[in-house]
Amino acid sequence: MTPMQEQLIALGAVFESAVLVDKLARTGQIGEPALACMLGSLLVRDPQSTLEIYGGDDLGLRDGYRALVGALERDPSSLQRDPLRYALALLGLERQLEKRDDLLQIMGSRLDQIQQQTEHFGLVHDNVIASCGSLYQDTISTFRQRIQVQGDMRHLQQPSNASKIRALLLAGIRAARLWRQLGGHRWQLVFSRGKLLKELYPLLRG
């Protein structure tokens, strides 16, 4: 796997979390495997590979890849506007988080607690999701820049959905951090679109 494909897995995960947030906000439902893939990524500390963070393969990231392709191709028919907006906001928020050692420390210790919760309740238990949502609220939500999620108010106002959305955004921040650690830069999305797409199409076909 090339270094750029490693980056694209992480960037695909940013878009995957954005797509899931959008779907949850509009329909009130997402599949449990997709949620588990993103929540699980928060708890992998010393991965041997980028794919290991997402369960050993990238099957759970395909919708994210599609949304990323639509954004890079700039094709109005395949461009998912809200997921693109959320994904770009996540990349921006992660840059702010990078400067905040205090919040990174809080995240590290709280994720240790969530790991213990997961061992007790299971990964997609309401308590675990609520803890991930609270962690997002206590850290990323304190920034001036906020992600305004659009959708059906009936779904957005349900506490369990609100927790899932925050937990998914937290997983998106994790993916954005990983992308940058692997050498990803925002200018690539503008100046290296052709190169990114060339590396992305094989991932999409799997």
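Criteria and cut-off values
- Per chain, residue numbering runs from 1 following the sequence as it is written.
- At least 70 in pLDDT is required for a residue's local features to be given in this predicted model, at least 80 for side-chain atom pairs to be given and counted, and no such filter applies to totals for whole chains, interfaces and linings, which use all residues.
- Computation of side-chain values: all heavy atoms of the structure, hydrogens and water removed.
- Here a helix means four or more residues in a row that DSSP labels H or I, a strand means two or more in a row labelled E, and each is numbered from the N terminus.
- Throughout, radius of gyration means the C-alpha value; the globule benchmark is 2.2 Å times the number of residues raised to the power 0.38.
- Between buried and exposed lies partly exposed: a residue is buried under 20% and exposed over 50% of the maximum accessible area for its type, with that area taken using a 1.4 Å probe on protein chains only.
- Any two residues whose heavy atoms approach within 4.5 Å are treated as being in contact.
- We get accessible surface area from the Shrake-Rupley algorithm with a probe of 1.4 Å; when it comes to residues, only the shown protein chains can shield them.
- For the purpose of charge, His is not counted, nor are the chain termini; Lys and Arg are scored as positive and Asp and Glu as negative.
- Charge placement uses NZ in Lys and CZ in Arg. For Asp and Glu, CG and CD serve respectively.

- As annotated in an unreviewed UniProt entry, the protein chain carries the name High frequency lysogenization protein HflD homolog and is attributed to Pseudomonas lalucatii.

Things to note about the overall build of the protein chain
Argument step 1. On a plain count of helices and strands, the protein chain comes out with 11 helices and zero strands.
Argument step 2. Counted from the first residue to the last, the protein chain has its helices and strands arranged as α-α-α-α-α-α-α-α-α-α-α.
Argument step 3. Its C-alpha atoms give the protein chain a radius of gyration of 16 Å, near enough to 17 Å, the size a compact globule of 206 residues would have.
Argument step 4. With respect to the three principal axes, the spread of C-alpha positions in the protein chain is 45 × 40 × 35 Å.
Argument step 5. Looking at the protein chain as a whole, 49% of its 206 residues qualify as buried.
Argument step 6. Long-range pairs, those at least 24 residues apart, make up 80% of the contacts in the protein chain between residues at least 6 apart in sequence.
Argument step 7. Approximately 10,200 Å² of the protein chain is accessible, and the part contributed by carbon and sulfur atoms is 49%.
Argument step 8. Treating the 25 positive side-chain charges of the protein chain as one cloud and the 22 negative ones as another, the clouds have centres 8 Å apart.

With respect to unusual backbone geometry
Argument step 1. Despite not being glycine, Arg-74 has its phi angle at roughly 55 degrees, a positive value.
Argument step 2. Inspection of the secondary structure assignment puts Arg-74 in the loop between helix H4 (62-73) and helix H5 (81-98).

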